[in-house]
Amino acid sequence: MLSSKVYIVVLNYNGWKDTTECIESLLSLKYSNYQIVIVDNCSSDDSAIYIERWLSKHRFIDSGLVESDFLQETKAHSCVVYSTSDLLNSFPVITFIQTNENLGYAGGNNVGIRYAQNSGDAAFVWILNNDTIVDPQSLGFLVQKIETSSPENVGLVGGKLMYYHDRERIQCIGGAYYNKWLGYSRQIGNGELENGQFVGKNVRPDLIIGACMLVSADFLQNVGLLNEEYFLYFEEQDWAERARQKGFVLSFSEKAIVYHKEGATIGAGQFSGSSRFSDFYFSRSKILFTDKYYNKLVSLSVRTSLLLTIYNRVRRSQYDRIPMLFKTMFSSREKLLNMAYKK
């Protein structure tokens, strides 16, 4: 019996070295029915050239430009399917898509998800950060979690993320708990040494970490794609909220192991605030998310919490960020939707 078809979406932005290492690990998956979709989010470091060279080195053959209708429906300017005629391996088909502009985390991944949906045979889509390395058994355990979840309606599953550079230490178990009053997430198990402490535990995350998310076709049909109004950060929270509204349960597989370089994709850890770029989009996105789902009291609390961020930037002599953070803090949701990062 053929296993359910999984499309694995890997988003690249100026990180071809991480991406090719990630794809290398995906080629060792023990799962028997999957296709890889690489989306280059309009990189400026010649990522497309290097990725194409890597594909050629591994004997993947350009089958030509395809999916003209798909290109018209998305902000992609090319979509090429690569396959191999090497009889000595059973490598999966790889589709390489290049976008016309940087669409952000949500927009870039949505291009890959749309491709999977348009293909007509996707039972699942696995959103995977390009700065990850996967265990060969990981995909099988993620699919198994959803397929054996009845009577629960599990539609969104995370794995066990371990730190790439410290592989005995947990980054998170599936996802995170969310504090709506401060607009911050706490990754489950973060920093703990792995000793089997989560085996058999019924962990219920408030959200699944975006570095590793498996979703079912039914989930996508009912909940929809990632919300592109955030550009970066809080897409996972938004997906989780919409999932609950549609009656889906979030879960994780403790056996699905993924090693994560955390932060390599954007040049900073998710919550480190180590760049002006991440400061802007983190503060903008958490206010957008809060105003969408919570009442005015919660919104006031989250906006006020930005004062602590401002204090920390003053303490670090990062004075250039303060006007930007104040502007974010006092802007309406409508104004925030029209704001974009400026250097």
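One structure accompanies this document, and this report is about it. Keep in mind the model is a prediction, meaning the values are calculated, not measured.

### Section: the packing of aromatic side chains
Inference 1: In the structure shown here, the tally under the stated rule is 18 aromatic pairs.
Inference 2: Ring centres of phenylalanine 289 and tyrosine 293 lie 5.1 Å apart, and the angle between their planes is 50°; on these two criteria the pair is classed as tilted. Of the two residues, phenylalanine 289 and tyrosine 293 both sit in helix α8 (residues 276–293), four residues apart, roughly one turn of that helix.
Inference 3: Arginine 167 extends its terminal NZ or CZ atom over the ring of tyrosine 259, reaching a point 4.5 Å from the ring centre.
Inference 4: Here the basic side chain of lysine 261 rests over the ring of tyrosine 164, its NZ or CZ set 4.7 Å away from the ring centre.

### Let's talk about the pattern of salt bridges
Inference 1: This structure, assessed with the given rule, holds 16 salt bridges.
Inference 2: The partner of lysine 5 in a salt bridge is aspartate 121, and the shortest N-O contact between them spans 3.1 Å. Here lysine 5 is found in the segment before β1 (6–12), whereas its partner aspartate 121 is found in the loop between α4 (104–119) and β6 (124–129), with 116 residues between them in sequence.
Inference 3: Among the residues examined, lysine 5 registers a relative accessible area of 13% and is labelled buried.
Inference 4: The class of aspartate 121 is partly exposed, set by a relative accessible area of 36%.
Inference 5: Here arginine 244 and glutamate 241 are joined by a salt bridge, their closest N and O atoms 3.0 Å apart. One end of the pair is arginine 244 and the other is glutamate 241, both in helix α7 (residues 235–245) and three residues apart, which spans about a single turn.
Inference 6: The buried category is assigned to glutamate 241, whose relative accessible area is 18%.
Inference 7: Residues participating in the shared-partner salt-bridge network are Asp18, Glu21 and Lys261.

### With respect to the pairing of strand β13 (residues 212–216)
Regular strands place side chains that alternate from one sheet face to the opposite one.
Inference 1: Burial within β13 is extensive, with five of its five residues counted as buried.
Inference 2: Here strand β8 (residues 154–163) runs beside β13; their pairing, made up of two bridges, is antiparallel. The partner of valine 157 across the bridge, within β13, is leucine 214.

### Overview of the packing of helix α1 (residues 16–26) against helix α2 (residues 47–57)
Inference 1: It is the contact of α1 with α2, at a shortest axis distance of 9 Å, that shows an interaxial angle of 30°. Of the possible angle classes, the one that applies to α1 and α2 is roughly parallel. Seen from above, α1 lies across α2 with right-handed handedness. Side by side, α1 and α2 meet where Trp16, Thr19, Thr20, Ile23 and Glu24 of the first sit next to Ser47, Tyr50, Ile51 and Trp54 of the second.
Inference 2: Grouping the amino acids of the contact of α1 with α2 by side-chain chemistry returns five nonpolar, three polar and one charged.

Conventions adopted
- Residues numbered from 1 in each chain as written.
- Predicted model: local features only at pLDDT ≥ 70, side-chain atom pairs only at ≥ 80, totals over all residues.
- Heavy atoms only, no water.
- Phe/Tyr/Trp six-rings, centres within 6.5 Å; stacked < 30°, edge-to-face > 60°.
- Helix = DSSP H or I, 4+ residues; strand = E, 2+ residues; numbered from the N terminus.
- Lys NZ or Arg CZ within 6 Å of the ring centre and 35° of its normal.
- Salt bridge = Lys/Arg side-chain N within 4 Å of Asp/Glu carboxyl O.
- Buried < 20%, exposed > 50% of the residue type's maximum accessible area, 1.4 Å probe, protein only.
- Pairing = 2+ DSSP bridges.
- Axes fitted to C-alpha atoms, helices over the stretch in contact; angles between N-to-C directions.
- Parallel < 35°, antiparallel > 145°, perpendicular 65-115°, else oblique.
- Left-handed = near helix turned anticlockwise from the far one by under 90°.
- Contact = heavy atoms within 4.5 Å.
- Nonpolar A, V, L, I, M, F, W, Y, C, P; charged D, E, K, R; others polar.

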